[in-house]
Amino acid sequence: MQTELSNTLGAEYAVFGFTPFPAVAAAITRAGGFGVLGAVRYTAPDDLARDLDWMQDHTGGLPYGLDVVMPAKKVAGVSEAEVEAMIPEGHRRFVDGLLDRHQVPRLAAGEASGWRITGWMEQVARDQLDVAFGYPIKLLANALGSPPADIVRRAHDHGVLVAALAGSPRHARHHRDAGIDIVVAQGYEAGGHTGEIATMVLTPEVVAAVDPLPVLAAGGIGTGEQIAAGLALGAQGVWLGSIWLTTEEAELHSRRLTRKLLAAGPGDTVRSRALTGKPARQLRTEWTDAWDDPGGPGALPMPLQGLLVAEANSRIQRYEVEPLLGTPVGQIVGRMNSERSVQAVFDDLTRGFERAIDRINRIAGRA
Ligand SMILES: Cc1cc2nc3c(=O)[nH]c(=O)nc-3n(C[C@H](O)[C@H](O)[C@H](O)COP(=O)(O)O)c2cc1C
């Protein structure tokens, strides 16, 4: 599982792991992969600095990266309060009705209402990058579009490669034209925001579209056999997100959610606008059903939806309200059946990869 790209980055394996948890990112790197810390939840730069300090102390000089969210469609020059004022009353009543029906308690006074819109605002990502460029990150990834030209230049000045997620060959070409170094071809099966093209189809399309830029295959990859498939399709590596959610190092906010993930099958996710206003694959719950119901008001566009549901989600998570409790996760959730360490996941991935190579060698008459 070594490629030119993993060699360039100094990782033993061409396995990139996206995760919002520093302990998981560091463990991925220590296991020989390339850990990428998701920064969207860090609205205070000091918190990010604290966790990057920790990563630095727990990766032993091995490489890691950072993922920020700079939406191509910007929320610029508008305050959070102004965005808040755009939310229709009917949608607020719909949220209140849903929470009341499920008897979701209110947060105690002073209890943080959790993740809000701010992580999606370009200035927040810029503040995160001011912090991140003070650390020896090797890769900067961006979701939801190509990062602005000045950020790409700044990354390159720091010797940092820039990656961007793409759900279509058109997105991928746009990234290439914006000077991006690595395209993450993320298929429909993936957890989080996705396009409509499956990884099996998307990966070779993107490889052809941006050749000779390196491409990482993402979406629906959770076994070594799937890694072999991604590399066989022309990718220079794979990018895994969901699989780490049920690792021992992950700090999911609720045991009940971990149990839901472990029990879920591959058909238990849905691509829904319920969370952010843009289609994102997540666990299917009564919450997503309500937003996807044609008889309901439907989700608002990004960033209004994220702001509208932030406190509701905090309440659902805080009180672990089972029917509503969810998270972004991909179809690979069907394979996430036991809680294991990141190292144990890696051991499994390498064994599966070897099995796939042996099988192909036999089929090709080389063994
Ligand atoms: C819980 C969760 C949160 C995610 N958040 C982000 C994010 O903030 N930025 C990003 O670039 N991708 C995000 N993603 C997508 C991952 O980077 C990755 O592309 C995806 O998980 C790969 O597909 P898989 O889930 O089938 O492994 C997220 C995925 C999950 C499961």
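That block above? That's the structure.
Notes on the structure in this doc start here.

Calculation rules
- Residues numbered from 1 in each chain as written.
- Predicted model: local features only at pLDDT ≥ 70, side-chain atom pairs only at ≥ 80, totals over all residues.
- Heavy atoms only, no water.
- Near = heavy atom within 4 Å.
- Polar contact = N/O pair within 3.5 Å; in protein donor to acceptor, adjacent residues only side chain to side chain.
- Areas by Shrake-Rupley, 256 points an atom, 1.4 Å probe, with all protein chains shown as cover.
- Helix = DSSP H or I, 4+ residues; strand = E, 2+ residues; numbered from the N terminus.
- 1 Å grid on protein atoms, 1.4 Å probe; cavity = no way out; pocket = protein on both sides within 12 Å on 5 of 7 lines; lining within 4 Å.
- Points joined across faces, edges and corners; volume = space filled by probe spheres on them.
- Nonpolar A, V, L, I, M, F, W, Y, C, P; charged D, E, K, R; others polar.
- Core = buried A, V, L, I, M, F, W, Y, C linked by side-chain atoms within 4.5 Å.
- Buried < 20%, exposed > 50% of the residue type's maximum accessible area, 1.4 Å probe, protein only.
- Contact = heavy atoms within 4.5 Å.
- Pairing = 2+ DSSP bridges.
- Right-handed = clockwise from strand over helix to strand, strands pointing away.
- Salt bridge = Lys/Arg side-chain N within 4 Å of Asp/Glu carboxyl O.
- Expected span 1.5 Å × (residues − 1).
- Arc of directions from axis to C-beta.

**Considerations on the site of the ligand**
- In the region of the ligand, 16 residues are neighbours, and Asp67, Gln186, Gly220, Gly241 and Ser242 sit closest.
- Asp67 is positioned with one of its side-chain polar atoms (N or O) 2.7 Å from an oxygen atom of the ligand.
- One nitrogen or oxygen atom from the side chain of Ser242 is found 2.5 Å from an oxygen atom belonging to the ligand.
- In the complex, 92% of the free accessible area of the ligand, which totals 600 Å², lies under the protein chains.
- Listed by contribution, the elements that provide at least two residues to the shell around the ligand are strand S3 (64-69) and strand S9 (237-240).

**Structural notes on the layout of surface pockets**
- Size it by volume and the second largest pocket reaches roughly 210 Å³.
- At the level of elements, helix H5 (89-101) and helix H13 (304-318) are the ones that each hand at least two residues to the lining of the second largest pocket.
- It is H13 that provides the largest number of residues to the lining of the second largest pocket, a total of six residues.
- Taken together, the residues that form the lining of the second largest pocket break down as six nonpolar, no polar and seven charged.

**Description of the nonpolar core**
- Counting 55 residues, the largest nonpolar core has Val15, Ile227, Leu240, Trp244, Trp287, Trp291 and Phe346 as the members making the most contacts within it.
- Leave out the neighbours within four places in its chain, and Trp287 touches Val95, Leu98, Ala274, Val309, Ala312, Asn313, Ile316, Pro323 and Leu324.

**What about the pairing of strand S1 (residues 15-19)?**
- Counting buried residues along S1, four of its five residues qualify, which places the element largely inside the surrounding structure.
- Where S1 lies against strand S2 (residues 34-38), four bridges are found, and the strand directions are parallel. Within the sheet, the bridge partner assigned to Gly17 lies in S2 and is Gly35.
- Note that the unit made of S1, helix H2 (residues 22-30) and S2 has a crossover that is right-handed.

**Let's talk about the pattern of salt bridges**
- Under the definition given, this model contains 14 salt bridges.
- A salt bridge links Asp348 to Arg351; the shortest N-O distance between them is 3.1 Å. Of this pair, Asp348 and Arg351 both sit in helix H14 (residues 342-363), separated by three residues, roughly a single helical turn.
- The exposure class assigned to Asp348 is partly exposed, which follows from its relative accessible area of 34%.

**Overview of the pairing of S9**
- By the alternation rule, side chains of S9 split into Gly237 and Trp239 and Val238 and Leu240, which are all buried.
- Here three bridges tie S1 to S9, and the two strands are oriented parallel to one another. Considered in S9, the bridge of Gly17 is made with Leu240.
- Note that strand S8 (residues 215-218) and S9 share three bridges and pair parallel. Within the sheet, the bridge partner assigned to Ala217 lies in S9 and is Val238.
- Note that the unit made of S8, helix H10 (residues 224-232) and S9 has a crossover that is right-handed.

**What about unusual backbone geometry?**
- With omega at 10 degrees, the peptide bond leading from Asp211 into Pro212 counts as cis.
- Cis geometry is found at the peptide bond from Met302 to Pro303, where omega equals 5 degrees.
- Located in the positive-phi region is Gln103, a residue other than glycine, with phi close to 50 degrees.
- Within the element layout of this structure, Gln103 appears in the loop between H5 and helix H6 (122-132).
- Exposure remark for Gln103: the relative accessible area of 70% places this residue in the exposed category.
- A positive phi angle is found at Leu144, which is not glycine, with a value near 65 degrees.
- In this structure, Leu144 sits in the loop between strand S4 (139-143) and helix H7 (149-157).
- On the basis of relative accessibility, which here comes to 19%, the residue Leu144 falls in the buried class.

**Brief notes about H14**
- An ideal rise of 1.5 Å per residue puts 32 Å on 22 residues; H14 measures up with 32 Å between its terminal C-alpha atoms.
- Among all positions in H14, only Val342, Val345, Phe346, Leu349, Thr350, Gly352, Phe353 and Ala356 are buried. Down the axis, H14 shows its buried residues gathered within 165 degrees of arc, on one side only.
- Buried residues belonging to H14 abut S1, H2, H10 and S9.

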